[in-house]
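# Architecture and fold: a report
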Amino acid sequence: MARMTGRRLLAAGPVLLAVTLGVFAVAALSPFDPVKAYAGTAGLTASGAELDQLRANLGVDRPFTVRWWDWLTSALTGDLGNSTALRQPVADAIAERLGWSALLAGCAFAVAVLLGTALGVLAARRRGGALDRTVSGLAYTLEAAPAFWLGLLAIWFFSVRLGVLPSGGLTDAAADTVTAGQVASHLVLPALVLGISQLPWFFLYVRQGVADALDEDPVRGARARGLSPRRVLTGHALRSGMLPMLTLIGSRVPELITGALLVETVFSWPGIAAATVQAATSVDFPLLAALTVLATAAVLAGNLLSDLLYGLADPRVGFDG
């Protein structure tokens, strides 16, 4: 397992290099003009010579390969550059927002895994029952529901119709300071929406895995020995039935990132979503590259975590061979 982890970490370097180069190449082909985005309304009346001088000052008049190499060599020393869209160092922009995005994604992931696992186990125990049919139908419906639509529906019902939860932001509008209570209340809706948008896959994987495990010969033998249904489930079926779900954890990371961007936008959550959108529309090369590296690293880490969890749960799996 240690050897496999080392190989994955070594392979991550070239992947991240290729991704950052691709970001600069795609941004260079973008129809958006970073100079006009940086100048704002002043760019509407600026002369061509003034815009050219601003391009030279920002360094966007050079080939994208040169800009990528300059950014890469600076990033390796810890300098991620300055964001032209946010007018601040990239490291500061990410540090201010990353914690809130991580909080939202972590809570949503916990909701999806815990609730999906519990419902999947209950449905697998009584396949074809009322709970199984109801939850399975809802899961297939939620698979087709976009996260932003679920967010708007939740705002309408819980904030507008019932008035029991805030509709967005991090704190109340009149608040001068950020308190844990306000953050918790404002976190409920976006975390539930993002978690529920990811729940169908965990539910369906667990339901199928546990249902298949309950039909295996060792489980039938445990029943024949007179073991209680609860002991058969927890002692025999769950371990093998949960293995497919462990592989799902890493594969859902890209969807979790994409869903988090949409949910943050709908609920005005102060994460990296707004920075990502602004960086894309402003062709902010340093910020775009840093955010893309961060997202790619999260996906690679999620895939590695899935393999490690699978190996720990099933010692028969060999990684070092």
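Moving on: the packing of aromatic side chains. According to the stated counting rule, one finds five aromatic pairs in the structure shown. Note on Phe-109 and Phe-202: the rings are 5.7 Å apart at their centroids and 85 degrees apart in plane angle, and the pair reads as edge-to-face. Placement of the pair is Phe-109 in helix α6 (residues 90–125) and Phe-202 in helix α9 (residues 180–214), with a sequence separation of 93 residues. Judged by relative accessible area, Phe-202 falls into the buried class, the value being 0%. Among the aromatic residues, those joined into a cluster by ring pairs are Trp-156, Phe-157 and Phe-158.

Grouped together as the largest cluster of nonpolar side chains are 24 residues, with contacts concentrated most on Phe-24, Trp-71, Ile-94, Phe-285 and Leu-287. Counting residues per element, this core draws most heavily on helix α15 (residues 285–313), at six residues. Ignoring sequence-local partners within four residues, the contact set of Phe-285 consists of Phe-24, Ala-27, Ala-28, Val-60 and Arg-67. Counting residues in each nonpolar core, the second largest holds 21 residues, with Ala-108, Ala-147, Ala-191 and Val-263 among its members.

Taken as a whole, the largest pocket spans an internal volume of roughly 480 Å³. Forming the walls of the largest pocket are 20 residues, and the residues nearest its centre are Ile-257, Ile-272, Leu-294, Ala-295 and Ala-298. Sorting the residues of the lining of the largest pocket by element identifies α6, α13 (253–267) and α15 as the ones contributing at least two each. Considered class by class, the residues forming the lining of the largest pocket number 15 nonpolar, four polar and one charged.

Our focus in this paragraph is the confidence of the model for the chain. Summing up the model confidence of the chain, the mean pLDDT is 80 and the portion of residues at 70 or higher is 85%. When the elements of the chain are averaged for pLDDT, helix α3 (residues 42–45) gives the smallest value, 64, and helix α8 (residues 147–161) the largest, 91.

Now for unusual backbone geometry. Positive phi outside glycine occurs at Arg-87, with the angle close to 55 degrees. Among the structural elements, Arg-87 can be located in the loop between β1 (82–83) and β2 (88–89). According to the relative accessible area criterion, Arg-87 is exposed, its value standing at 52%. For Ser-268, which is not a glycine, the phi torsion comes out positive at approximately 50 degrees. With respect to the secondary-structure elements, Ser-268 resides in the loop between α13 and α14 (273–281). For Ser-268, a relative accessible area of 51% corresponds to the exposed category.

Calculation criteria
Position numbers for residues start from 1 in each chain and track the written sequence from start to end. In view of the model being predicted, local features appear only for residues whose pLDDT reaches at least 70, and side-chain atom pairs are presented and counted only at 80 or more, with totals across whole chains, interfaces and linings using the full set of residues. Excluded from the side-chain calculation are hydrogens and water; included are all heavy atoms of the structure. Here the aromatic set is Phe, Tyr and Trp, taking the six-membered ring for Trp, and pairing holds for ring centres within 6.5 Å; pairs whose planes are under 30 degrees apart are stacked, those over 60 apart are edge-to-face, and all others are tilted. The numbering of helices and of strands both runs from the N terminus, where a helix is a DSSP run of H or I of at least 4 residues and a strand a run of E of at least 2. Three exposure classes are used, based on accessible area relative to the maximum for each residue type with a 1.4 Å probe and protein chains only: buried under 20%, partly exposed in between, and exposed over 50%. Among buried residues, those of type Ala, Val, Leu, Ile, Met, Phe, Trp, Tyr and Cys that are joined through side-chain atoms within 4.5 Å constitute a nonpolar core. In this analysis, two residues are considered to be in contact whenever any of their non-hydrogen atoms come within 4.5 Å of each other. Put plainly, a pocket is an open set of points on a 1 Å grid over the protein atoms alone with protein on both sides within 12 Å along at least five of seven lines, a cavity is a set where a 1.4 Å probe fits but cannot get out, and a lining residue has an atom within 4 Å of a point. Grid points are joined across faces, edges and corners, and a volume is the space filled by probe spheres set on the points. Each residue is assigned to one of three groups, with Ala, Val, Leu, Ile, Met, Phe, Trp, Tyr, Cys and Pro labelled nonpolar, Asp, Glu, Lys and Arg labelled charged, and all others, Gly among them, labelled polar. Across the chain, each position has a pLDDT score giving the predictor's confidence in that residue, from 0 to 100.

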